[in-house]
Amino acid sequence: MFKKILVANRGEIACRVMRTAKKMGIATVAVYSDADARSPHVLMADEAVRLGPPPAGESYLLADLILQAAKDTGADCIHPGYGFLSERESFAKACAEAGIAFVGPPPAAIAAMGDKIESKKLAKQAGVNVVPGFLGEIADTEEAVRIASDIGYPVMMKASAGGGGKGMRLAYSEQDVREGFEATKREGLASFGDDRVFIEKFIESPRHIEIQVMGDQHGNIVYLGERECSIQRRHQKVVEEAPSPFVTPKMRKAMGEQAVALARAVGYYSAGTVELIVSGADTSGEGFYFLEMNTRLQVEHPVTEAVTGLDLVELMIRVAAGEPLGFTQEDVTLTGWAVENRVYAEDPYRGFLPSIGRLVRYNPPESKSTPYTFPSRLRVSGRSVPQTDLNDAGHRSPETGLGEGLLMNSASSGNALPQPLPQAGGESYVRVDDGVREGGEVSMFYDPMIAKLITWAPTREEAIDAQITALDAFEIEGPGNNIDFLSALMQHPRFRSGNITTGFIAEEYAQGFHGAPASPELSEALAAIAAFAATAEADRARRIDGQLGKRLRPPSDWSVKIGGAEHLVAISTTGITVDDADLDIALEYTPGDRVVEAELDDAPLTVKIARTRTGFKLTTRGASHIARVLPAHVAPYAQHLIEKIPPDLSKFLLCPMPGLLMRLDVAAGDKVEVGQPLAVVEAMKMENILRAEKAGIVKAINAKTGDSLAVDAVILEME
C-alpha cells in the first residue's frame, strides 16, 4: 500500500480524498494556489506545496509543478480528483514516467474515452447505441451550420474535451449556431486546452442517467448501479439521486452490462462513469444512448456510496496499488435512496448569476449518524475481520473536519466486499461534503460550488424530505447562494413524482425563480414566529436601565404583513392565535438568535430569522419572506407612509455579476434591437452574452474589453 498521496486538486474533492487516505494510514500532500493558501484542504494535509497565482492555468493545470511537488515530498501516488488534470492522458503518462502511481485509469483509456469524439466512435464499434451526430473535426462556423442543418435542429454543440456543463451550447436555429459555435470553441480552449467541437442531435424530453463502473488491473469490472442526473441548469448538474426512479432492474442490468463492455473494450480500470441519455417516453427500457465516459471520480459519487456502502475513493487507491476488487457483480446491492444537492454560489433570484465574496457565515447542518455507516464486520480476502474503531460514526472529526461516514475497513491490506445493508425502516441521515469554512472566500477563479448536501433514507420520499429539513438549517451569508432554489426543487410536485427530464428547470421556471410559494398554513406560522420574535425584542427593550417613566409591557397584539396578506396575531401565556384561530405551534426565541426551531402541528420547522427595519426576514421552505411587524394599534397608520419609487435603470447595461469583459459588440451611436447581443462577460469560466432589453441608440460606452467589472458596473448607456 502507498505511504504518501498527493491530491492534485482543491476544495471539497481534495478534502474528500484526504479523509479516506488518512483513515487508510496514508500521509497526505496538498497543492494550492495563492487564492487557496489558507483553504481547508491545505490545513487538512500533512504537507502543502504552493503552485502559483490563482488562475488555474498558472497553478492547478501545471503538471510539471505538481509532479515536482510529488517528488519533493516523496509522494508515491497522485489522486487527481475531478476536473483540472484528472482526464489528461499526458499527465497520467508523466506520472508513470516519474515512477509515481496515478490513482485513476490507464493513459490509453483516458485517451480513448476522455475525447468525446473518439469515445463515440469506440462506443459504436463496441455495439453501444450512440446519438446521431457528426464526430469529425469542424473547421469553422459555416461548416458547423451545414452539419447542424443536415442533422436537423435542435442540435447540441460540445467541446470535445469538455465536462461539468462547460463548453456546451444548445442550438434551435442557424442563428444559434452562428452565435454559439465560436463561444463553445473558446470555452473549450480556456477550460480544457482543446478547442475542438462536435455536434450531435439533441433528444428532446431526455433523462440524463449514468452508470458507475469500477475495475481493477486484473480484468475485473463491475457496475455499481445508476445515478439520475436529469435536474440540470445550463447542462450543469444540480440534483443527483441513486437509484433512478425511472430505471427498472431489467433496464439497470442492460445499461450496466453495456457500460462494462465499453470499459472492457478499452482496458479500463479504476472508477469511471458512463453517461447515457435516456428517452423518458420509451418505457421498453431500450431507449438509452451513449453520451460520454468520464474517466475520473464524479462530483456526485456520494449517492452511489450511500446506496452501495462502498468507499469509491478507497477502492480507487487500492486498485492503483494493484489489488484486485475482491468482489463480483453479484455481491453489489443497492439499499435505500440517496439524494445530493449541489450548493452553489449563485443568485437564483437574479437569473442564477455567479456570486463571489467572503463567507461571512457558513454553518452547514450537522451530519447525523447512519444505520450502516460502518458495517460491523467485513469479509476480507475470504475471512472476517473486526471493524476498526472510529469516533462518533465518522462525522465531524476534529482532526479532519467533516467526516464521510461511508468507509470500508482500511486497517487490513485485504479487499473489502460490499455488505448487505439494513432494509427499509432505518433512520435517514445527512452528509455534507465541502472544502470551505466560515471567513473563507468564494473566488472568481474556480467553480462556484460551495458544498454538496447528501441525504440517505429508506425511501425516495423520505430522502427528499430530509433534504428539505437540512436545507432549512443550512446557513450561508455573504455570496448569493441557491439554497432556496434547491429547497423549492425538493418540494416541487413534479420532481417528487419522478417525472423529470433535463428540461425540468427551464420548463418549470421559465419566468425565473421567485421563491417557493408558501401555503396559507406556512404563512400563518411565519406570522406567528415574527410576532413572537417581536414580543421578545420588545420585552428586552423595556428592560433597559435608565428609561423615563414606568416600564411598559410589550405589545401582545401584532399586525404582521407577509407578501400581500396581513395577519392579526395575539400572543398570550396560553398560546398564539392567528386571525382569531388557535395555532398549534411550539417555539423558542431569544433576541439575537439566527435560527428558530419550531414545531408546527408536531412537525419540525426550521426558520432562519434576521432583523429588518420594520420587522424580520424569515427564510424557510425555499423562500425568503419579509415580514412587516407592527403593534396592532399602530398598523393602520402605515397606509399613510410614502412609498419610495426605485430609479429607472433601464437605459443602462449593467454587469450582472463580477467578471471579465471579453467582448463589446456595439459602439457609441449604434442602433440596437431587442435581443441583440451587446457584450460578453466571462465569470466562473463561463461566457455570458448580455443582450439588449429594449431597442434604442447607444449613447456612451463606459467600459472596454479586458476590464474586470464589479456587479452592477455600467457597461454602456442608451439614449
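Located above this text is the structure these notes cover.
Residues numbered from 1 in each chain as written. Predicted model: local features only at pLDDT ≥ 70, side-chain atom pairs only at ≥ 80, totals over all residues. Heavy atoms only, no water.

Chemist: Could you give an account of the environment of Leu-552, naming the residues involved and the relevant values?
Modeler: Within the secondary structure layout, Leu-552 lies in the loop between helix H16 (520–542) and strand E26 (557–562). Assessed through its relative accessible area of 65%, Leu-552 is described here as exposed. Sequence separation between Leu-552 and Glu-323 is 229 residues, and the spatial gap between their C-alpha atoms is 76 Å. (Helix = DSSP H or I, 4+ residues; strand = E, 2+ residues; numbered from the N terminus. Buried < 20%, exposed > 50% of the residue type's maximum accessible area, 1.4 Å probe, protein only.)

Chemist: Would you mind going over the layout of surface pockets in detail, with residue names and values included?
Modeler: Empty space left among the atoms is revealed by rolling a probe the size of a water molecule over them. Size it by volume and the second largest pocket reaches roughly 500 Å³. Lining the second largest pocket are 19 residues, and of these Ile-476, Asn-481, Lys-617, Thr-619 and Ser-624 sit closest to its centre. Of all the secondary-structure elements, those providing two or more residues to the lining of the second largest pocket are strand E25 (475–477), helix H13 (483–491), strand E32 (603–611) and strand E33 (615–620). Considered class by class, the residues forming the lining of the second largest pocket number seven nonpolar, five polar and seven charged. (1 Å grid on protein atoms, 1.4 Å probe; cavity = no way out; pocket = protein on both sides within 12 Å on 5 of 7 lines; lining within 4 Å. Points joined across faces, edges and corners; volume = space filled by probe spheres on them. Nonpolar A, V, L, I, M, F, W, Y, C, P; charged D, E, K, R; others polar.)

Chemist: Could you give me a rundown of empty space enclosed by the protein, with the residues and numbers involved?
Modeler: Going through the model one piece at a time under the given rule, you end up with three cavities of 30 Å³ or more. Its volume calculated, the second largest cavity comes out at about 40 Å³. Every element with two or more residues in the lining of the second largest cavity is listed here: helix H9 (249–265) and strand E13 (270–279). Top contributing element to the lining of the second largest cavity by residue count: H9, with four residues.

Chemist: Quick one: what's the story with a nonpolar patch on the surface, residue by residue and with numbers?
Modeler: A contiguous nonpolar surface patch, about 210 Å² in accessible area, is contributed by Ile-356, Met-444 and Phe-445. Structurally, Phe-445 is set in the loop between strand E23 (441–442) and strand E24 (449–457). (Patch = residues over 30% accessible without salt bridge, like charges linked within 9 Å, V, L, I, M, F, W, Y side chains within 5 Å. Areas by Shrake-Rupley, 256 points an atom, 1.4 Å probe, with all protein chains shown as cover. Salt bridge = Lys/Arg side-chain N within 4 Å of Asp/Glu carboxyl O.)

Chemist: Could you give an account of helix H8 (residues 174–192), with specific residues and numbers?
Modeler: Residues that lie three or four places apart on an α-helix share one face, since the helix turns once every 3.6 residues. Along its 19 residues, H8 runs 26 Å from first to last C-alpha, staying within 8% of the 27 Å computed at 1.5 Å per residue. Its maximal kink placed at Gly-180, H8 deviates by approximately 35°. Within H8, the full set of buried residues consists of Val-177, Gly-180, Phe-181, Ala-183, Thr-184, Lys-185, Glu-187, Gly-188 and Ser-191. (Expected span 1.5 Å × (residues − 1). Bend = angle between axes of the 7 residues up to and from the residue.)

Chemist: Kindly report on the pairing of strand E31 (residues 595–600), identifying the contributing residues and their values.
Modeler: Alternating positions in E31 separate cleanly, Val-596, Ala-598 and Leu-600 being buried on one face and Val-595, Glu-597 and Glu-599 remaining unburied on the opposite face. Direction of pairing for strand E30 (residues 585–586) relative to E31: antiparallel, over a ladder of two bridges. Within the sheet, the bridge partner assigned to Ala-586 lies in E31 and is Glu-599. Two strands pair when backbone bridges link them, and E31 and E32 are joined in this way by six bridges, in the antiparallel orientation. Residue pairing across strands places Glu-597 opposite Thr-606, the latter belonging to E32. (Pairing = 2+ DSSP bridges.)

Chemist: Outline the sheet that holds strand E22 (residues 429–434), supporting the account with residue identities and numerical values.
Modeler: An order of E14-E13-E10-E11-E12-E15-E24-E22 is seen for the eight strands of this open sheet, with the pairing classed as antiparallel. The open sheet has two edge strands with one neighbour each: strand E14 (288–294) and E22. For this sheet, the mean angle separating the axes of adjacent strands, direction not counted, is 25°. Across the sheet, helix H11 (residues 312–320) touches strand E10 (206–215), strand E11 (221–233) and E13, and the angle it forms with E10 is around 45°. (Axes fitted to C-alpha atoms, helices over the stretch in contact; angles between N-to-C directions. Contact = heavy atoms within 4.5 Å.)

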